[in-house]
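Here are the chains, one letter per residue:
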Amino acid sequence: MPAPQHFITGAELDADRLDLLLHRAAALKEAPLSSRALEGRTVALLFNKPSTRTRTSFESGVFELGGHPMILRPDEMQLTRGESVKDTAIVLSRHAAIIGLRTGDEDELNGLAEHAAVPVVNMLSPGHHPCQALADLLTLKEAFGDIEGRTIAYVGDGNNVARSLAVIGELAGVRVRIAAPDGYQITDTPAELFTDPVEAVKGADAVYTDVWVSMSDDESSAAARREALAPYAITDKLMSHAKPEAFALHCLPAHPGEEITESVLYGERQRIWDQAENRRHAQKALLELLVSPQRGEG
Ligand code: CP
Ligand code: NVA
């Protein structure tokens, strides 16, 4: 299989390439300045939505690979004055080796990928957050070594983070269970679906959650979401149904007292802060792969 040109949903990878990428991410974590894969190259990072982790991990990661991270905000670009996504893609491709986009509009992302002459990376869209899933699997790998056959129970809103975890988890042979109430499920992934959070968590190796109100959700739905999702919070009690060595994960930002308790978020049974750090290491391996597509051949 040729190297993927873009990284939009994560399904562009195959099992072998994902395995290689995770090994490479672990190596880069050990030796963060060992690669100059982006020497003399610019990576354009366009944020149409707020970000703490994605921005800082990409910006520092590109720097560590010897490249220049060019952070772009839409209010500073001609996009806000009617310039097309097509023309933006063509021009950015003349300056940057890779383009990253965080957007609330899936069409914008697909349009950018269609017209860019360089790889496009999805830095979060309403439907997908594949960069997050790479860091999630790296975190699992750090804990268990071989992750094939391990079980992650995702509890809460069936959203972009859950979808990418299911899609990329399957490539790695990880069993992903998703527990969500009716109306908050995603049905377009290989994940095993549950409505009972306890059933989903039983015997799991890791328990994962995300915010109940995502950036692309209508704020007017927030109260209804909090009510429907309240039984799906990660608490010490819910954790007690998982394996004794299981830990909690959260892509962050967290809302302690909503989807996760403070005691789990800052407690002994979590790898959430390592998971946030792993964004940088996993994305560096992805950037290397995208600029050096021969990596992993043969
Ligand atoms: N997890 C994640 O993508 O966080 P940010 O929204 O802060 O980038
Ligand atoms: N589901 C969340 C993830 C934030 C990193 C959102 O889309 O806002």
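For clarity, every value in this text was computed on a predicted model and none was experimentally measured.

Definitions and cut-offs
Residues numbered from 1 in each chain as written. Chains lettered and ligands numbered in written order. Predicted model: local features only at pLDDT ≥ 70, side-chain atom pairs only at ≥ 80, totals over all residues. Helix = DSSP H or I, 4+ residues; strand = E, 2+ residues; numbered from the N terminus. Rg over C-alpha atoms; globule rule 2.2 N^0.38 Å. Buried ≥ 20, exposed ≤ 12 C-beta atoms within 10 Å, placed from the backbone. Contact = placed C-beta atoms within 7 Å. Near = placed C-beta within 6 Å. Nonpolar A, V, L, I, M, F, W, Y, C, P; charged D, E, K, R; others polar. UniProt positions renumbered as here; feature names shortened; annotations may be inferred. Pairing = 2+ DSSP bridges. Core = buried A, V, L, I, M, F, W, Y, C linked by C-beta atoms within 7 Å. Axes fitted to C-alpha atoms, helices over the stretch in contact; angles between N-to-C directions.

S.K.: Explain the overall build of the protein chain to me, please; I cannot follow it from the model alone.
M.R.: Looking only at helices and strands, one finds eleven helices and nine strands in the protein chain. At 19 Å, the protein chain has a C-alpha radius of gyration in line with the 19 Å of a compact globule built from 298 residues. Across its three principal axes, the protein chain shows a C-alpha extent of roughly 55 × 45 × 30 Å. For the protein chain, buried positions account for 46% of its 298 residues. In the protein chain, once contacts between residues fewer than 6 apart in sequence are set aside, the share between residues at least 24 apart is 73%.

S.K.: Explain the site of ligand 2 here, please?
M.R.: Within the structure, ligand 2 sits among Leu124, Asn159, Asn160, Val161, Asp210, Val211, Ser214, Met215, Ser216 and Cys251. Looking at side-chain class alone, the shell around ligand 2 contains five nonpolar, four polar and one charged residues.

S.K.: Please explain the UniProt feature "domain: Aspartate/ornithine carbamoyltransferase carbamoyl-P binding" (unreviewed entry) in the protein chain as it appears in this structure.
M.R.: Residues annotated by UniProt as "domain: Aspartate/ornithine carbamoyltransferase carbamoyl-P binding" (unreviewed entry) correspond here to residues 5-142. Taken as a whole, residues 5-142 contains 45% helix and 14% strand, while its terminal C-alpha atoms sit 28 Å from one another.

S.K.: Hey, could you run me through unusual backbone geometry in this one?
M.R.: With the exception of glycine, the majority of residues adopt a negative phi angle, and the majority of peptide bonds are in the trans configuration. Residues Leu252 and Pro253 are joined by a peptide bond in cis, for which omega reads 5°. Within the secondary structure layout, Pro253 lies in the loop between strand E9 (247-250) and helix H10 (262-265). Of note, the phi angle at Leu252 is positive, near 70°, even though the residue is not glycine. Assignment of secondary structure puts Leu252 in the loop between E9 and H10. Among the residues examined, Leu252 registers 18 C-beta atoms within 10 Å and is labelled partly exposed.

S.K.: Help me understand the pairing of E9, please; the structure alone is not making it clear to me.
M.R.: Remark: a regular strand shows side chains that alternate across the two faces of the sheet. Every second residue of E9 is oriented toward a common face, with Phe247 and Leu249 on one face and Ala248 and His250 on the other, all of them buried. With four bridges joining them, strand E8 (residues 206-209) and E9 adopt parallel strand pairing. Residue Thr209 lies in a different strand from E9, and its bridge partner there is His250.

S.K.: Hey, could you run me through the nonpolar core in this one?
M.R.: Within the largest apolar cluster, 89 residues are counted, with the highest numbers of intra-cluster contacts made by Ile99, Leu134, Leu137, Ala153, Leu165 and Val207. Considering every element that reaches this core, the biggest residue donor is helix H11 (residues 272-291), with eight residues.

S.K.: Explain the site of ligand 1 here, please?
M.R.: Neighbouring ligand 1 are the residues Ser51, Thr52, Arg53, Thr54, Leu124, Gln132, Cys251, Leu252 and Pro253. Tallied by class, residues from the shell around ligand 1 come to four nonpolar, four polar and one charged.

S.K.: Even after reading the chapter, I still don't get the sheet that holds strand E1 (residues 42-47), so can you show me in this structure?
M.R.: Sheet strands pair via backbone hydrogen bonds, and the direction of the pair is either parallel or antiparallel. On the basis of which strands lie adjacent, the open sheet formed by four strands has the order E2-E1-E3-E4 and parallel pairing. What marks the edges here is a single partner per strand, and that holds for strand E2 (68-72) and strand E4 (120-122). On average, each strand axis in the sheet is tilted by 20° relative to the strand beside it, whichever way the strands run. Alignment of strand E3 (residues 98-102) against E4, held across three bridges, turns out to be parallel. Following the sheet pairing, Ile99 is matched in E4 by Val120. This element, helix H2 (residues 53-64), spans E1, E2 and E3 of the sheet and lies at about 150° to E2.

S.K.: I tried to follow the environment of Ser125 on my own but got confused; where do I start?
M.R.: Looking at the secondary structure, you find Ser125 in the loop between E4 and helix H5 (130-144). Under the C-beta neighbour-count criterion, Ser125 is labelled buried, with 25 such atoms within 10 Å. Between the alpha carbons of Ser125 and Lys202 there is a distance of 31 Å; along the sequence they are 77 residues apart. Those residues in contact with Ser125 that lie beyond four places of it in its chain are Thr103, Glu106, Leu109 and Asn160.

S.K.: Just to check I follow, could you spell out the sheet that holds strand E7 (residues 192-194) for this structure?
M.R.: Taken together, five strands build an open sheet; the order of strands is E7-E6-E5-E8-E9 and the sheet is parallel. Two strands lie at the open edges of the sheet, namely E7 and E9, each paired on one side alone. Strand-to-strand twist in this sheet, taken as the mean axis angle between neighbours without regard to direction, amounts to 25°. Across five bridges, strand E5 (residues 151-155) lies against strand E6 (residues 175-179) in parallel orientation. Among the inter-strand pairings, Ile152 is bridged to a residue of E6, identified as Val176.

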